[in-house]
Amino acid sequence: MTEAIKTEKHEFQAEVREVLNLMIHSLYSNREIFLRELVSNASDACDKLRFEALQDEKLLGSNPELKIEIEVDEDAGHIIVRDNGIGMNKDEVIENIGTIARSGTRKFLESMSGDQNPDANLIGQFGVGFYSSFIVADEVTLRSRPAGSGESDGVQWQSDGSGEYTISQIVLPSHGTEVTLHLREDASEFLTSWKVRSLIQKYSDHIGFPICMIKQAEPSDDDDKDAETAVEWEAVNQASALWTLPKTEISGEDYQSFYKHVSHDFEDPLSWAHNRVEGSQNYTSLLYIPSRAPMDMMMQRDERHGLRLYVKRVFIMDAAEQLLPHYLRFVRGVVDSDDLPLNVSRELLQENTLVKKIRSAVVKRSLDLIHRLANKDVEKFNTFWDEFGNVLKEGLAEDTGNSERIAKLLRFSTTAETSAEQRVSLDDYVSRMPEDQEVIWYVTAENRKAAESSPHLEIFRKKGIEVLLMSDRIDEWVMGYFTEFDGKKLRSIAKGDVDLGADDDNKDTEKEKDAEKDPLLKRLSDALADEVTEVRASQRLTESASCLVLSEQEMALHMRRMLEQAGQAMPDSKPVLEVNLDHQLLQQVSEIEAEDQFKDWAALLFEQAVLAEGGQLEDPAGFVQRMNRLMLSAA
Ligand code: ADP
Ligand code: MG
């Protein structure tokens with residue numbers, strides 16, 4: 001039946017072997033997932049053929065019921081997974097199976113670059129795919145024939161996973177794909193029908209195609225051996241697309257295993273929402289929030305395991321980009337529309353008004369889902385926040401229409417709390433604000449420590465005003481878009497003037513002091529003209545002698561440094577230097593007459609402000625010389 005007409009040998013790409021080794025070792029305790037992966041491929045292949053057959057029914061051939069068959073042959077040591085889906089020709093087999101370019105394993109490898117140690121728990125996040133067969137098999141044979149082709153267009157791919165594979169042209173009576181695994185000796189636990197059935201029920205109960213296995217003969221009393229009964233197949237899964245069932249008929253476990261099918265994730269999802277919308281348009285959405293972010297979450301979205309779009313139960317495409325904004329790229333699931341045309345293309349999706357409505361509903365549902373976590377299950381919400389908080393924040397910039405709802409989900413460290421784990425929402429902050437406080441204050445810095453010890457905080461600490469501490473990379477960027485919450489302005493303590501309403505009787509004397517010291521400020525400004533735009537008396541400092549301040553529109557210095565290091569050209573800009581006129585140093589400086597010495601002191605005041613803020617000195621050697629001169633003169 002499958003006699004080879006012509007056989008060629010091919011080498012695996014070098015990385016494939018590497019991936020295989022890694023996978024076999026790191027997935028050993030999870031090796032049952034090979035079945036989920038093969039069934040998922042078979043189901044994808046059926047989805048694709050069903051879609052193609054909308055245009056050309058003949059592609060379905062003589063056996064139009066799309067299905068997956070699994071056979072277990074204990075004697076031969078085989079498991080066979082067969083589908084009558086789209087199939088592959090020789091080039092496609094080489095491209096899809098012989099290289100890892102299209103497989104989830106590629107991403108895994110990429111993420112392994114550098115000296116990162118492979119983390120066994122992470123490999124599952126990448127959709128390990130076809131190659132997971134080799135975790136349990138010492139030989140894998142794939143036979144395939146594209147739908148719509150002739151008998152002699154079959155192709156056979158075979159490998160023991162150690163470095164080479166062969167490709168042969170073969171005769172195959174029907175289209176579709178059949179994968180035969182010859183199991184390793186230590187994987188014989190998978191060689192029983194009931195084991196395979198239980199795995200199917202666990203992982204693939206609700207994929208939309210029947211998964212059939214040969215019916216087990218009932219042990220019968222009259223033991224009549226000569227009755228060669230015909231093989232009878234039966235579906236072992238429910239084969240009803242999960243999202244089409246009424247919610248009342250779906251258990252939590254059903255939802256979880258379906259999640260693993262759509263997302264290729266090992267772990268249970270954190271939460272999900274299943275909704276049917278009926279009205280001017282009809283659609284169903286089933287949305288999931290994973291419990292762990294993939295390693296490359298900050299970089300890109302995973303187009304292929306994101307949100308799957310169906311039209312009237314027919315899988316159309318992965319449409320995360322069309323149905324989800326970038327900041328919700330962690331959401332997984334299914335949208336099934338009754339109203340979109342079946343032949344909808346990617347381009348069409350982009351402009352379709354029905355799609356736009358579905359998209360905004362998906363956004364709303366996703367945010368609802370996260371809000372529900374925040375209100376009902378703090379522990380899960382904290383997990384969510386740790387994994388996806390940084391991604392969600394991008395929404396403040398990307399989706400201004402929803403920024404109030406997103407803002408309510410944000411959590412911060414603040415100066416008012418004691419433990420680093422404590423999280424404060426903006427609502428918490430606002431509810432604690434004294435009546436006369438009009439502004440929500442925050443500071444952004446490179447890390448938490450730098451945020452906490454920022455000299456700008458001094459006056460806030462002294463007056464007991466709570467300040468949000470932000471130290472995620474994207475905070476500075478996001479806060480540029482997020483300027484108001486609940487009618488209150490959000491302001492950085494390191495930018496612009498801070499007027500915290502000094503006690504009235506102090507005000508006059510402070511003004512007097514300013515006027516009195518004016519010559520000092522002028523002298524300092526002149527000495528530091530190359531470094532700063534202005535030197536002024538600080539309202540912020542109580543302990544430090546000086547600090548740098550920016551105007552409200554300017555980018556924080558740590559952010560600027562980061563961009564410069566990344567090679568971005570930044571426009572010239574100079575900060576303001578604020579000095580604490582009550583500080584003893586400043587009182588001493590004001591008495592220095594020698595111009596050289598005064599310049600040293602001025603430079604040092606500037607330089608310590610740069611250092612306190614986490615910056616680097618332009619002339620460290622000069623700084624050391626100035627310090628030494630000063631130390632010697634003091635000695
Ligand atoms: P993924 O499914 O994430 O793309 P896999 O390693 O599981 O990664 O599969 C790689 C590719 O091989 C699939 O994208 C598909 O094109 C092809 N493929 C695998 N199994 C089948 C099958 N049963 N029928 C048709 N194509 C298949
Ligand atoms: Mg796959």
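Residue indices follow the written sequence of each chain, beginning from 1 at its first position. Written order decides the labels, with chains lettered from A and ligands numbered from 1. Totals for whole chains, interfaces and linings use all residues, but because this is a predicted model, local features are given only for residues with pLDDT of at least 70 and pairs of side-chain atoms are given and counted only at 80 or more. To get the side-chain values, all heavy atoms of the structure are used, and hydrogens and water are removed first.

Some thoughts on the overall build of the protein chain
Assigned secondary structure in the protein chain consists of 22 helices and 22 strands. Any residue under 20% of the maximum accessible area for its type is buried, any over 50% is exposed, and the rest in between are partly exposed; the area is computed with a 1.4 Å probe on protein chains only. Sorting the 635 residues of the protein chain into buried and exposed places 52% on the buried side. When contacts within the protein chain are restricted to residue pairs at least 6 apart in sequence, long-range pairs at least 24 apart make up 72% of them. Here the protein chain has roughly 31,000 Å² of accessible surface; of this, 46% comes from carbon and sulfur atoms. Numbering goes from the N terminus for both helices and strands, where a helix is a DSSP run of H or I of at least four residues and a strand is a run of E of at least two. Residues are treated as being in contact if the distance between any of their heavy atoms lies within 4.5 Å. Values of accessible area rely on a 1.4 Å probe in the Shrake-Rupley scheme; residue burial ignores everything except the protein chains shown.

Things to note about helix H11 (residues 353-376)
The end-to-end C-alpha distance of H11, which contains 24 residues, comes to 34 Å, matching closely the 34 Å that a straight helix rising 1.5 Å per residue would cover. Turning to H11, its buried residues are Val 355, Ile 358, Ala 361, Val 362, Val 363, Ser 366, Leu 367, Leu 369, Ile 370, His 371, Leu 373 and Ala 374. As used in this structure description, the phrase polar contact means that two N or O atoms lie within 3.5 Å; if the pair is within protein, one of them must be able to donate a hydrogen and the other to accept it, and residues adjacent in sequence are counted only when both atoms belong to side chains. Two or three places before Leu 354, at the start of H11, stands the capping residue Asn 352, its side-chain oxygen 2.7 Å from that residue's backbone nitrogen. Here, expected helix span is obtained from the residue count minus one, scaled by 1.5 Å.

Some remarks on the packing of aromatic side chains
Here is the rule: rings of Phe, Tyr and Trp (six-membered ring for Trp) pair when centre to centre is within 6.5 Å. Planes less than 30 degrees apart are stacked, more than 60 are edge-to-face, and the remainder are tilted. Here the structure, examined in full by the defined rule, presents 18 aromatic pairs. Summarising the aromatic geometry, the rings of Trp 477 and Tyr 481 are spaced 5.6 Å apart at their centres and angled 70° between planes, so their arrangement reads as edge-to-face. Trp 477 sits in the partly exposed class, given a relative accessible area of 38%. Grouped by ring-pair contacts, the aromatic residues Phe 130, Tyr 131, Phe 134, Trp 157 and Tyr 165 constitute a single cluster. The side chain of Arg 308 reaches across the aromatic face of Phe 315, ending 4.3 Å from its centre. Only lysine NZ and arginine CZ atoms are considered, and such an atom sits over a ring when it is within 6 Å of the ring centre and within 35 degrees of the ring normal. Just above the ring of Phe 598 sits the side chain of Arg 523; from NZ or CZ to the centre is 3.8 Å.

Things to note about the nonpolar core
In summary, soluble globular proteins display a tendency toward joint burial of nonpolar side chains. Counting 75 residues, the largest nonpolar core has Phe 384, Leu 392 and Leu 426 as the members making the most contacts within it. Sorting elements by how many residues they give to this core places H11 first, with 10 residues. Reported domain spans reflect what an automatic or database domain assignment gives. Each of domain 2 (243-393) and domain 3 (416-492) accounts for three or more of the residues forming this core. Phe 384 has contacts with Leu 270, Ile 289, Phe 330, Ile 370, Leu 373, Gly 389 and Leu 392, leaving out every residue within four places of it along the chain. Only buried residues count toward a nonpolar core. Its members are Ala, Val, Leu, Ile, Met, Phe, Trp, Tyr and Cys residues joined through side-chain atoms within 4.5 Å. One finds Leu 35, Val 81, Phe 130 and Tyr 203 within the second-largest nonpolar core, a separate group that totals 53 residues.

Focus on unusual backbone geometry
The backbone of Ala 239 shows a phi angle near 55°, a positive value even though the residue is not glycine. Note on placement: Ala 239 falls in the loop between strand S9 (233-235) and helix H8 (252-263). A residue is classified by how much of its surface remains accessible, and Ala 239, at 23% relative accessible area, is partly exposed. You will see that Arg 313, though not glycine, has its phi angle at about 70°, which is positive.

Quick word on the packing of H11 against helix H12 (residues 378-398)
Where H11 contacts H12, the axes come no closer than 8 Å and their chain directions differ by 135°. Taken together, the axes of H11 and H12 lie oblique to each other. Note on packing geometry: the crossing formed by H11 with H12 is left-handed. The residues of H12 that touch H11, namely those facing Leu 367, Ile 370, Leu 373, Ala 374 and Lys 376, are Val 378, Lys 380, Phe 381, Phe 384 and Leu 392. Between the N-to-C directions of two axes lies an angle of 0 to 180 degrees, each axis being a line fitted to C-alpha atoms and, for a helix, fitted only over the stretch in contact. Orientation labels follow simple angle bins: below 35 degrees gives roughly parallel, above 145 gives roughly antiparallel, 65 to 115 gives roughly perpendicular, and whatever is left gives oblique. Crossing handedness: left-handed means the near helix sits turned counterclockwise from the far one by under a right angle, and right-handed means the same turn made clockwise.

Structural notes on a negative patch on the surface
Like-charged residues are merged into a patch within 9 Å and nonpolar side chains (Val, Leu, Ile, Met, Phe, Trp, Tyr) within 5 Å, provided each residue has over 30% relative accessible area and no salt bridge. Any Lys or Arg side-chain nitrogen found within 4 Å of a carboxyl oxygen on Asp or Glu counts as a salt bridge. All tallies of charge rest on Lys and Arg as positive and Asp and Glu as negative; His and the ends of each chain are not included. Every charge is mapped onto a representative atom, which is NZ of Lys, CZ of Arg, CG of Asp or CD of Glu. Together, Glu 11, Asp 138, Glu 139, Asp 160, Glu 164 and Glu 185 give the surface a local cluster of negative charge. Given the relative accessible area of 32%, Asp 138 is considered partly exposed.

Considering the packing of helix H21 (residues 595-612) against helix H22 (residues 620-634)
Between H21 and H22, the least distance of the axes is 10 Å, while the angle of their chain directions is 125°. Judged by the angle between their axes, H21 and H22 are oblique. In this structure, H21 crosses over H22, and the sense of that crossing is left-handed. Along the contact surface, H21 presents Asp 600, Trp 601, Ala 603, Leu 604, Glu 607 and Leu 611, while H22 presents Phe 623, Arg 626, Met 627, Arg 629 and Leu 630.

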